[in-house]
Amino acid sequence: MSVILARRTLLGGTVALGLAAALPAQAPAPLTYRPIWPGKAPGGEKVTEVEQEIPRSPTGPKDDTAFLHVTTPTMAHVAPAKPNGAAILLIPGGGYLRVAIGNGGRALLQFFADQGYHAYLLKYRLPGDPWAAGPDAPLQDAQRGLRIVKAEAKANGVAIDRIGVMGFSAGGHLAAMLAYRGDETYRAVDAADAQPLGVRAAGLLYPVALMGVPGTHRGSQDQLLGKDPAPDVALRYRTDARITTASPPTFIAHAIDDRVVSVDNGLALLAALRRAKVPAEAYLPEIGGHGFGVTIDGQPAPWTRLFFAWAKRHGL
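Residues numbered from 1 in each chain as written. Predicted model: local features only at pLDDT ≥ 70, side-chain atom pairs only at ≥ 80, totals over all residues. Heavy atoms only, no water.

Draft legend 1. Up close: the environment of arginine 313. Assignment of secondary structure puts arginine 313 in helix H7 (residues 302–313). Among the residues examined, arginine 313 registers a relative accessible area of 52% and is labelled exposed. A polar contact of 3.0 Å, which involves the side chain of arginine 313, links it to the side chain of glutamate 281. (Helix = DSSP H or I, 4+ residues; strand = E, 2+ residues; numbered from the N terminus. Buried < 20%, exposed > 50% of the residue type's maximum accessible area, 1.4 Å probe, protein only. Polar contact = N/O pair within 3.5 Å; in protein donor to acceptor, adjacent residues only side chain to side chain.)

Right under this line is the structure:
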């Protein structure tokens, strides 16, 4: 299976997609998504929007899609042929306006499964819809998804302490919130919610991190917090401000020439990790743009080799 580099943006270039599109030599089996909540997602009493799957690009393949107004959060799972005893939860981007999975989702999951990971992909709710949790609605889904991965870890031969998270673009913001926040955002709904939060390690790819300061990705901020949020609210959702000495080891990949999400976001995270003396590694290529994904010209992107070596070193 080959995956090419694809850089696309949403709404005329205002919001990054976050995943590389895939062009498989043979059509892969479609992903099967399962709801992550046993009933309706919490706090949806005022939500009347209808979930939509739309083309990511008017000129792209018809199966290259994104999801608007997510009302049924789901996960897809690809099991490895040669498991390494670890799992990773992958969170796609979309500027918090939509969840950009498209036809790259299967290839992304398979890429990590080929490295031995039980690979999960999250489709999460969006904060622009009137969920009671507001900007924490996506985090509710990420926390719930992580707990499901942990709840089925033993059956999958996964060590409960070898589960990581990786997010892309705005999904990098959500992955960081999952990694760096330990507070409960919803009431338990079943036995899976007895599982603790926390991940072994986090990977953040061209992540949104800043809010309310120069370098902020305004599209993501507007969707998450509204236009011109109060400084204390913006600070609460800056992921670099959430880092403490207890935060998990973190890997960052961010191109210096990224014109969608400024590299200032990745650099702010790295600086905060260093101040907190949290193990961290950063891949900061001069050229790469936004949304460079996992392969380039059919070969694994340079950051992937660095990430897997780093992950192994940190027990993931």
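Draft legend 2. Here's a closer look at the pattern of salt bridges. For the structure shown, the criterion picks out 15 salt bridges. Between glutamate 152 and arginine 34 there is a salt bridge; the shortest N-O distance is 2.8 Å. You can see glutamate 152 sitting in the loop between helix H2 (137–151) and strand E9 (163–168) and its partner arginine 34 sitting in strand E3 (residues 34–35), a full 118 residues away along the chain. For glutamate 152, a relative accessible area of 18% corresponds to the buried category. A single salt-bridge network, built from bridges that share partners, covers Arg218, Asp222, Lys227 and Asp228. (Salt bridge = Lys/Arg side-chain N within 4 Å of Asp/Glu carboxyl O.)

Draft legend 3. Structural view of the pairing of strand E8 (residues 118–123). Among the 6 residues in E8, 6 count as buried, and that is most of the element. Residues His118, Tyr120 and Leu122 of E8 are buried on one face, and the alternating residues Ala119, Leu121 and Lys123, pointing to the opposite face, are buried as well. As judged from the 5 bridges shared by strand E6 (residues 74–78) and E8, these two strands associate in the antiparallel manner. Following the sheet pairing, threonine 74 is matched in E8 by lysine 123. Sheet topology places strand E7 (residues 87–91) next to E8; 4 bridges connect them, and they run parallel. Residue pairing for E8: leucine 89 is matched across the bridge by tyrosine 120. (Pairing = 2+ DSSP bridges.)

Draft legend 4. The pairing of E6, seen in detail. In terms of burial, E6 is largely enclosed, as 4 of its 5 residues are buried. One ladder, built from 2 bridges, connects E3 with E6; its direction is antiparallel. Its bridge partner being in E6, arginine 34 is matched across the sheet by methionine 75.

Draft legend 5. The arrangement of the side chain of threonine 304 in detail. Along the chain, the position of threonine 304 falls in helix H7. Those residues in contact with threonine 304, other than ones at most four positions away along the chain, are Phe111 and Val294. (Contact = heavy atoms within 4.5 Å.)

Draft legend 6. Region of interest: the confidence of the model for the chain. When pLDDT is averaged across the chain, the result is 90; 89% of the residues are at 70 or more. Per-residue pLDDT stays below 50 along residues 1–26; that stretch engages in 81 contacts with residues further than four places along the chain or on separate chains. (pLDDT = per-residue confidence, 0-100.)

Draft legend 7. A look at empty space enclosed by the protein. A full pass over the atoms with the stated rule returns 2 cavities of 30 Å³ or more. Looking at the second largest cavity, the residues that line it are Tyr96, Pro135, Asp136, Pro138, Leu139, His173, Leu174, Met177, Leu224 and Tyr237. For the lining of the second largest cavity, the secondary-structure elements that each account for two or more residues are H2 and helix H3 (170–180). Here the lining of the second largest cavity takes 3 residues from H3, the largest share from any one element. Taken together, the residues that form the lining of the second largest cavity break down as 8 nonpolar, 1 polar and 1 charged. (1 Å grid on protein atoms, 1.4 Å probe; cavity = no way out; pocket = protein on both sides within 12 Å on 5 of 7 lines; lining within 4 Å. Points joined across faces, edges and corners; volume = space filled by probe spheres on them. Nonpolar A, V, L, I, M, F, W, Y, C, P; charged D, E, K, R; others polar.)

Draft legend 8. Molecular detail of a nonpolar patch on the surface. Side chains of Ile256, Leu267 and Leu284 sit close together on the surface and give an oily, nonpolar patch of about 240 Å² of accessible area. If you trace the backbone, leucine 284 turns up in the loop between strand E12 (280–283) and strand E13 (295–296). Its relative accessible area of 31% is what places leucine 284 among the partly exposed residues. (Patch = residues over 30% accessible without salt bridge, like charges linked within 9 Å, V, L, I, M, F, W, Y side chains within 5 Å. Areas by Shrake-Rupley, 256 points an atom, 1.4 Å probe, with all protein chains shown as cover.)

Draft legend 9. Expanded view of the packing of H2 against H3. Between H2 and H3, the least distance of the axes is 10 Å, while the angle of their chain directions is 60 degrees. The way H2 lies across H3 gives a crossing that is right-handed. Every residue of H3 that contacts H2 at Pro138, Leu139, Ala142, Gln143 and Leu146 is listed here: Leu174, Met177 and Leu178. (Axes fitted to C-alpha atoms, helices over the stretch in contact; angles between N-to-C directions. Left-handed = near helix turned anticlockwise from the far one by under 90°.)

Draft legend 10. Structural detail: the layout of surface pockets. The space that makes up the second largest pocket amounts to roughly 240 Å³. Taken together, 14 residues form the lining of the second largest pocket, with Lys40, Ala41, Gly44, Thr71 and Trp131 sitting closest to its centre. In terms of residue class, the lining of the second largest pocket is made up of 7 nonpolar, 5 polar and 2 charged.

Draft legend 11. Seen up close, helix H6 (residues 263–275). Here H6 contains 13 residues, and its C-alpha end-to-end distance of 18 Å stays within 8% of the 18 Å for a straight helix at 1.5 Å per residue. Within the sequence span of H6, burial applies to Val263, Asn265, Gly266, Ala268, Leu269, Leu270, Ala272 and Leu273. Buried residues in H6 make contact with H3, strand E10 (202–205), strand E11 (250–253) and E12. Positive backbone phi, approximately 60 degrees, marks lysine 277, located one or two places after H6. (Expected span 1.5 Å × (residues − 1).)

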